[in-house]
Amino acid sequence: MVVELRDGLVYAQRFEAHQQTGWLSAGLIDLQVNGFAGHDLNGPTLTVETVHQLALAMLRCGVTTFLPTLITASEAQLTQALAVIAQARREVPLVARMAPYVHVEGPAVAPEDGPRGAHPAAHVRPPSIEEFHRWQAASDGVVGMVTLSPHWPETPEYVAALVAAGVHVALGHTDASTQQIKAAVDAGARLSTHLGNGSHARINRQRNPIWTQLAEDRLCASFIADGHHLGSDALKVMLRAKGLERALIVSDATAIGGMPPGRYNASIGGPVHLSPEGRLSPNDGTGEYLAGAALPMLAGVATLVRQAGLSLKDALMLATVNPGRWVGGRGSLAVGQPADLVRFEFDPADSAAARVTGVWLGGRPMV
Ligand SMILES: [Zn+2]
């Protein structure tokens, strides 16, 4: 058995007891999950059973903590979905354990094509502290992270109110100016959501929101490391600029994630096509934009090794300890921590073959 130690934490070890070979890590932590394996949080009628099934699907991917993520929708739909997730947390102990809070991405994103991404234009609106309080009132205060574009004039006041309420604020889907980004960070925003995406396809080489967010050391950043949202060079350079300590990966998976390749009608993005390589694109024939992500977290870990040149240990840090800081310090293998574990096979020479072979939640075998 080989054990790697870093800062007193076991990040990964070769596991050869009981004729089983593989790597053992803290369970993966995904801060952005819109759905997976057909279970859709952003559909018109969310149910407790859908949330429960999504949690089970996450476990099968080696994810032991995730943030159910709701994107831009009408206030009525958002509030209803939040209430259902809160109900799922009350009624299903597994959901309460795995999903500590909800990430609301929107509805105050950039209105224009490009940075808005697949968020529906009809429901984009300015940030509203009053609406935020109505979300919380309807859902036992289940919202714990909100992503917005900081170009809205209401941003500093909104960010300060949410931070005062103990809610993390992230920046994303934006074409905001340097001054607008700085103002949001001064007010307490601390994370960039899937940095490098949710952007115009063509931007000013000197002045753009990506440079500003990379240069702002008070911001951590999430990245979609699926091999489609960021090219190898962009991913490698952004990780170096942000620093591994401030970086984390998310799946940003939609309900089509984990499904067979083919054409689907998605609640995010409408008619879409899923390629055999896990690229999810709109059926608009341009191929310029993506319609969400479809690969699970372990594939992201493999991408970090294959395309960004990270060691497996560092790649796991971006999928466990670093996202764990946003959910109360989960994600480390250490004495006294809950035994949320994932065992997986991983061959650096064939990272596409990464495969989960066992999952434990609080020491209990789940997969
Ligand atoms: Zn997004």
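Relevant structure appears above.
Anyway, here's the lowdown on the structure attached to this text.

What counts, and where the lines are drawn
Residues numbered from 1 in each chain as written. Predicted model: local features only at pLDDT ≥ 70, side-chain atom pairs only at ≥ 80, totals over all residues. Heavy atoms only, no water. Donors = N, O, S within 2.8 Å, 3.2 Å for Na, K, Ca; no water. Helix = DSSP H or I, 4+ residues; strand = E, 2+ residues; numbered from the N terminus. Buried < 20%, exposed > 50% of the residue type's maximum accessible area, 1.4 Å probe, protein only. Pairing = 2+ DSSP bridges. Axes fitted to C-alpha atoms, helices over the stretch in contact; angles between N-to-C directions. Core = buried A, V, L, I, M, F, W, Y, C linked by side-chain atoms within 4.5 Å. Contact = heavy atoms within 4.5 Å. Parallel < 35°, antiparallel > 145°, perpendicular 65-115°, else oblique. Left-handed = near helix turned anticlockwise from the far one by under 90°. Salt bridge = Lys/Arg side-chain N within 4 Å of Asp/Glu carboxyl O. Arc of directions from axis to C-beta. Phe/Tyr/Trp six-rings, centres within 6.5 Å; stacked < 30°, edge-to-face > 60°.

What follows concerns the coordination of the zinc ion. Around a metal, the ideal angle is 109.5 degrees if four donors adopt a tetrahedral arrangement and 90 or 180 degrees if six donors adopt an octahedral arrangement. Donor atoms from the polypeptide that coordinate the zinc ion comprise Glu105 (OE), His173 (NE2) and His194 (NE2), at 2.0 to 2.1 Å from the metal. Of note, the zinc ion draws all its donor residues from one chain, in the sequence arrangement E-x67-H-x20-H. Note that Glu105 is positioned in strand E8 (residues 102-105) and His194 in the loop between strand E11 (191-192) and helix H7 (209-215), a separation of 89 residues in sequence. The two residues Glu105 and His194 agree in class, both being buried.

Turning our attention to unusual backbone geometry. In the segment running from Gly106 into Pro107, the intervening peptide bond is cis, with an omega of -10 degrees. Positive phi, normally seen in glycine, also occurs at His194, with a value near 30 degrees. Judged by relative accessible area, His194 falls into the buried class, the value being 3%.

Here we come to the sheet that holds strand E15 (residues 270-274). Pairing in this open sheet of three strands is antiparallel, and the strands run E14-E15-E16 from one edge to the other. The sheet terminates laterally at strand E14 (262-266) and strand E16 (280-282), the two strands that pair on one side only. Within this sheet the neighbouring strands show an average axis-to-axis angle of 35 degrees, counted without direction.

A few words now on the nonpolar core. One finds Phe66, Trp135, Phe223, Leu239 and Leu304 to be the most contacted residues of the largest nonpolar core, which totals 90 residues. Residues within four places of Phe66 in sequence aside, it is in contact with Asp30, Val33, Leu54, Ala55, Met58, Met98, Ala99 and Pro100. Core analysis: the second largest hydrophobic core is formed by 14 residues, Leu67, Leu248, Ala293 and Val327 among them.

When two helices pack together, their arrangement is captured by the angle between the axes and the distance separating the axes. Closest axis-to-axis distance for the helix H4 (residues 129-138)/helix H5 (residues 155-164) pair is 10 Å, and the angle between their directions is 30 degrees. Relative to H5, the element H4 is oriented roughly parallel. Regarding H4 and H5, the two cross each other, and that crossing is right-handed. Only Glu157, Tyr158, Ala161 and Leu162 of H5 make contact with H4, whose side of the interface consists of Ile129, Phe132 and Trp135.

This brings us to the pattern of salt bridges. Evaluated as defined, the whole model comprises 11 salt bridges. Across the salt bridge formed by Glu131 and Arg125, the nearest N and O atoms sit 2.7 Å from each other. Put simply, Lys182, Asp186, Glu216 and Arg218 are held in one network by salt bridges that share partners.

Taken in spatial order, the eight strands line up as E4-E7-E8-E9-E10-E11-E12-E13 in an open sheet, and their pairing is parallel. Whereas interior strands pair on both sides, the edge strands pair on one side only; in this sheet they are strand E4 (28-33) and strand E13 (247-250). The sheet strands contacting helix H8 (residues 232-242) are strand E12 (220-224) and E13, and the helix crosses E12 at an angle near 165 degrees.

Inspection of the secondary structure assignment puts Ser281 in strand E16. A relative accessible area of 12% means that Ser281 is categorised as buried. Residues within four places of Ser281 in sequence aside, it is in contact with Val272, His273, Tyr289, Leu290 and Ala291.

Inspection of helix H6 (residues 178-187) places Ile181, Ala184, Val185 and Ala187 among the buried residues, and these make up the whole buried set. For H6, the angular spread of buried residues about the axis comes to 160 degrees, placing them on one side. Opposite its buried face, H6 presents the exposed residues Gln179 and Asp186, each directed more than 90 degrees away. The secondary structure elements touched by the buried residues of H6 are H5, strand E10 (168-171) and H7. After H6 finishes, the residue Gly188 shows a positive phi value of roughly 125 degrees.

It is worth spelling out the environment of Gly144 at this point. Take Gly144: it is sitting in strand E9 (residues 143-148). Exposure remark for Gly144: the relative accessible area of 7% places this residue in the buried category. With 27 residues separating them along the chain, Gly144 and Leu171 place their C-alpha atoms 14 Å apart. Discounting chain neighbours no more than four positions away, the residues touching Gly144 are Tyr101, Val102, Val167 and His168.

Let us look at the packing of aromatic side chains. Tallied over the full model, the rule gives one aromatic pair. Ring centres of Phe132 and Trp135 lie 6.3 Å apart, and the angle between their planes is 75 degrees; on these two criteria the pair is classed as edge-to-face. Highlighted residues: Phe132 and Trp135, both in helix H4, separated by three residues, approximately one helical turn. We note that Phe132, like Trp135, is buried.

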